Amino acid sequence: QVQLVESGGGLVQPGGSLRLSCAASGSIVSITVMGWFRQAPGKQRELVARITAGGRTNYADSVKGRFTISRDNAKNTVLLQMNSLKPEDTAVYYCNAIVIAITTPSPDNYWGQGTQVTVSS
């Protein structure tokens, strides 16, 4: 079993900052990709940012220059630093990881429970 636990969401004013963190635990052999998705009310879940084990990143166009993703491979954690937040960033943010676990022969996709980010004055 693999679990992803997120923290760091909350309410922030426009222009403010938040940092989300996600820790993966369980019978993990390796994690190929870690990332963050978000889902606003009435909208589909969308990719925000992701990072490979080698440090390669990609971002949604809407967050480029404002958000930074990073990870600690030794600790199986991923961070999302969000700056210059806008009301349209309001959503539930989900941690995602593609994990090779001891009990499975191929990579599986895992999700965290989600954390609410609200940007409002």
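See above for the structure.
A quick note: this is a predicted structure, and the numbers were derived from the prediction, not measured. (Residues numbered from 1 in each chain as written. Predicted model: local features only at pLDDT ≥ 70, side-chain atom pairs only at ≥ 80, totals over all residues. Heavy atoms only, no water.)

In this section: the overall build of the protein. Helix and strand counts for the protein come out as zero helices and 11 strands. Counting helices and strands in the order they occur from the N terminus, the protein gives β-β-β-β-β-β-β-β-β-β-β. The C-alpha atoms of the protein give a radius of gyration of 14 Å, which matches the 14 Å a tight globule of 121 residues would have. In terms of its C-alpha atoms, the protein occupies a principal-axis envelope of roughly 45 × 25 × 20 Å. The buried share among the 121 residues of the protein stands at 42%. Sequence separation of 24 or more characterises 56% of the internal contacts of the protein that already satisfy a separation of 6 or more. Total accessible area on the protein is roughly 6300 Å²; 50% of this is exposed by carbon and sulfur atoms. Side chains of the protein give 11 positive and 7 negative charges; the mean places of these two sets differ by 4 Å. (Helix = DSSP H or I, 4+ residues; strand = E, 2+ residues; numbered from the N terminus. Rg over C-alpha atoms; globule rule 2.2 N^0.38 Å. Buried < 20%, exposed > 50% of the residue type's maximum accessible area, 1.4 Å probe, protein only. Contact = heavy atoms within 4.5 Å. Areas by Shrake-Rupley, 256 points an atom, 1.4 Å probe, with all protein chains shown as cover. Lys, Arg positive; Asp, Glu negative; His and termini not counted. Charge placed at Lys NZ, Arg CZ, Asp CG, Glu CD.)

Now for the sheet that holds strand S8 (residues 77-82). Across the sheet, four strands lie side by side as S1-S3-S8-S7; this open sheet has antiparallel pairing. In this open sheet, the two strands that pair with only one neighbour each are strand S1 (2-7) and strand S7 (67-72). Adjacent strand axes in the sheet meet at a mean angle of 15°, parallel and antiparallel pairs treated alike. Note: strand S3 (residues 18-26) against S8, six bridges, orientation antiparallel. Residue pairing across strands places Ala-23 opposite Thr-77, the latter belonging to S8. (Pairing = 2+ DSSP bridges. Axes fitted to C-alpha atoms, helices over the stretch in contact; angles between N-to-C directions.)

Moving on: the nonpolar core. Within the largest apolar cluster, 33 residues are counted, with the highest numbers of intra-cluster contacts made by Trp-36, Leu-80, Met-82 and Tyr-93. Broken down by secondary-structure element, the contributors of at least two residues to this core are S1, S3, strand S4 (28-39), strand S5 (46-52), S7, S8, strand S9 (91-101) and strand S11 (115-119). By residue number, the principal contributor to this core is S9, which donates six residues. Dropping the residues within four chain positions of it, Tyr-93 is found in contact with Glu-6, Leu-20, Trp-36, Phe-37, Arg-38, Val-48, Phe-67, Leu-80, Met-82, Gly-114, Thr-115 and Val-117. (Core = buried A, V, L, I, M, F, W, Y, C linked by side-chain atoms within 4.5 Å.)

Enumeration according to the criterion identifies one disulfide in this entry. Disulfide pairing is shown between Cys-22 and Cys-95; the S-S distance is 2.1 Å. Here the S-S torsion is close to -85°, and the disulfide linking Cys-22 with Cys-95 is therefore left-handed. In this pair, Cys-22 sits in strand S3 while Cys-95 sits in strand S9, placing the two residues 73 residues apart along the sequence. Exposure class is identical for Cys-22 and Cys-95. Each is buried. (Disulfide = S-S within 2.5 Å.)

Next up on the list: the packing of aromatic side chains. In this structure the tally under the stated criterion is one aromatic pair. A centroid spacing of 5.0 Å and a plane angle of 70° characterise the contact between Phe-37 and Trp-111, whose relative ring orientation is edge-to-face. Here Trp-111 lies in strand S10 (residues 108-111) and Phe-37 lies in strand S4, a separation of 74 residues in the sequence. Residue class for Phe-37 comes out buried when judged on its relative accessible area of 17%. Looking at Trp-111, the relative accessible area reads 35%, which means it is partly exposed. Its guanidinium or amino end placed over the ring of Tyr-94, Arg-45 lies 3.7 Å from that ring's centre, counting from NZ or CZ. In this arrangement the basic side chain of Arg-45 is found over the ring face of Trp-111, its NZ or CZ atom lying 4.6 Å from the centre. (Phe/Tyr/Trp six-rings, centres within 6.5 Å; stacked < 30°, edge-to-face > 60°. Lys NZ or Arg CZ within 6 Å of the ring centre and 35° of its normal.)

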